[in-house]
Amino acid sequence: MTVAVVQFGGSNCDRDGVRALEHLGIDAERVWHEDGLPADVEGILLPGGFSYGDYLRAGAMAARAPVMREVRAAADEGVPVLGVCNGAQIGCESSLTPGAFTTNESARFQCEHVHCRVERADTPWTAAYEEGEVLRLPIAHAEGRFEISEDRYAQLEANDRILFRYCDADGNVTDEANPNGSTGNVAGLLGERESVAVLMPHPERATLPDLGLTDGAGVLYGFDPSLRS
Ligand SMILES: NC(=O)CC[C@H](N)C(=O)O
């Protein structure tokens, strides 16, 4: 299993992604977007950062890079694709996942630890957890507010595509526990296939024990569930 961590100009979590994946025993390599995906790619991580300086809208320009056509084709074949933070913004901008990530309610960049509730534990990205489990994860974004029209939100819920919601330490999904004003406290969601997911919190920054938090490792095991203990 080799995961391609796709680096755009301005990505800054690509190395963190590789380190976290390798810590879990998952082979990973950084791939410069202009070089295209390796032919034998088995997983794709769209890492966090500030691709193209977040100009226009965060993720908007990277979403239009030619490599994203390859990412879409791989996703359609069932290759697991995970977008983290700026990667989540790229995922929504390229319609791998519905909705959009826009400016935080605070209109500020927020770098803090939050709680997230696992909404379903029967997907590759969440099978390491219990449904309702509360995770402690870092966020670091200025444009993390998930927005979607009312009817598409209803569809998301009806199709059970919400993976994580911001919550308090006891798992209550409240306005106070919503760090950025996201619709429905949504912190992560699935694409059309369960093998495609995006989330704003950073699982790769909560995997290496030296960093203090390890709750994110379960998400990364989505690339290779056989390694999960
Ligand atoms: N950590 C990141 O990926 C940053 C996300 C994005 N550039 C923002 O500030 O919204």
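Our subject in this report is the structure included herewith. Note that this is a predicted model, so its numbers are computed, not measured.

### Examining helix 3 (residues 86–93)
When you tally the buried positions in helix 3, you get eight out of eight residues, the bulk of the element. Those residues of helix 3 not exposed but buried are Asn86, Gly87, Ala88, Gln89, Ile90, Gly91, Cys92 and Glu93. Ser95 lies just past helix 3 and shows a positive phi near 65°.

### What to know about the environment of Gly78
Take Gly78: it is sitting in the loop between helix 2 (67–76) and strand 4 (81–84). Look at Gly78 and you get partly exposed, because its relative accessible area is 26%. As for Gly78 and Val196, which are separated by 118 residues in sequence, their C-alpha atoms are 8.3 Å apart. The contacts of Gly78, once residues within four sequence positions are left out, are Arg193 and Ser195.

### Side note on the nonpolar core
Counting residues in hydrophobic clusters, the biggest one holds 46 residues, and the most contacted among them are Leu21, Leu82 and Phe164. Contact partners of Leu21, with chain neighbours within four places excluded, come to Val3, Val5, Ile26, Ala28, Leu45, Leu220 and Phe223. If you look at the next biggest cluster of nonpolar residues, it comprises 21 residues, including Val67, Met68, Val71 and Val196.

### Re the pattern of salt bridges
Scanning all chains against the criterion turns up ten salt bridges. Here Arg165 ties to Glu119 by a salt bridge, and the two come within 2.7 Å at their closest N and O atoms. Of this pair, Arg165 sits in strand 9 (residues 162–167) while Glu119 sits in the loop between strand 6 (110–118) and strand 7 (134–141); the two residues are 46 residues apart in sequence, bridging distant segments of the chain. By relative accessible area, which is 11% here, Arg165 ends up buried.

### A closer look at the site of the ligand
Around the ligand lies a shell of 13 residues, among which Gly49, Asp54, Cys85, Ala140 and Glu143 are the nearest. Between the ligand and Gly49 there is a distance of 2.7 Å, counted from an oxygen atom to a backbone nitrogen or oxygen. In the complex, the protein chains occlude 99% of the 300 Å² of accessible area that the ligand would expose alone. Those elements giving two or more residues to the shell around the ligand turn out to be helix 3 and strand 7.

### A closer look at the pairing of strand 6
Here strand 6 runs beside strand 7; their pairing, made up of eight bridges, is antiparallel. Counted as the bridge partner of Cys116 is Leu135 from strand 7. Where strand 6 meets strand 9, four bridges bridge the pair, whose relative direction is antiparallel. Each residue of the ladder has a partner; that of Arg117, found in strand 9, is Arg165.

What counts and what doesn't
Residues numbered from 1 in each chain as written. Predicted model: local features only at pLDDT ≥ 70, side-chain atom pairs only at ≥ 80, totals over all residues. Heavy atoms only, no water. Buried < 20%, exposed > 50% of the residue type's maximum accessible area, 1.4 Å probe, protein only. Helix = DSSP H or I, 4+ residues; strand = E, 2+ residues; numbered from the N terminus. Contact = heavy atoms within 4.5 Å. Core = buried A, V, L, I, M, F, W, Y, C linked by side-chain atoms within 4.5 Å. Salt bridge = Lys/Arg side-chain N within 4 Å of Asp/Glu carboxyl O. Near = heavy atom within 4 Å. Polar contact = N/O pair within 3.5 Å; in protein donor to acceptor, adjacent residues only side chain to side chain. Areas by Shrake-Rupley, 256 points an atom, 1.4 Å probe, with all protein chains shown as cover. Pairing = 2+ DSSP bridges.

None of the figures reported here should be taken as evidence of function without further support.
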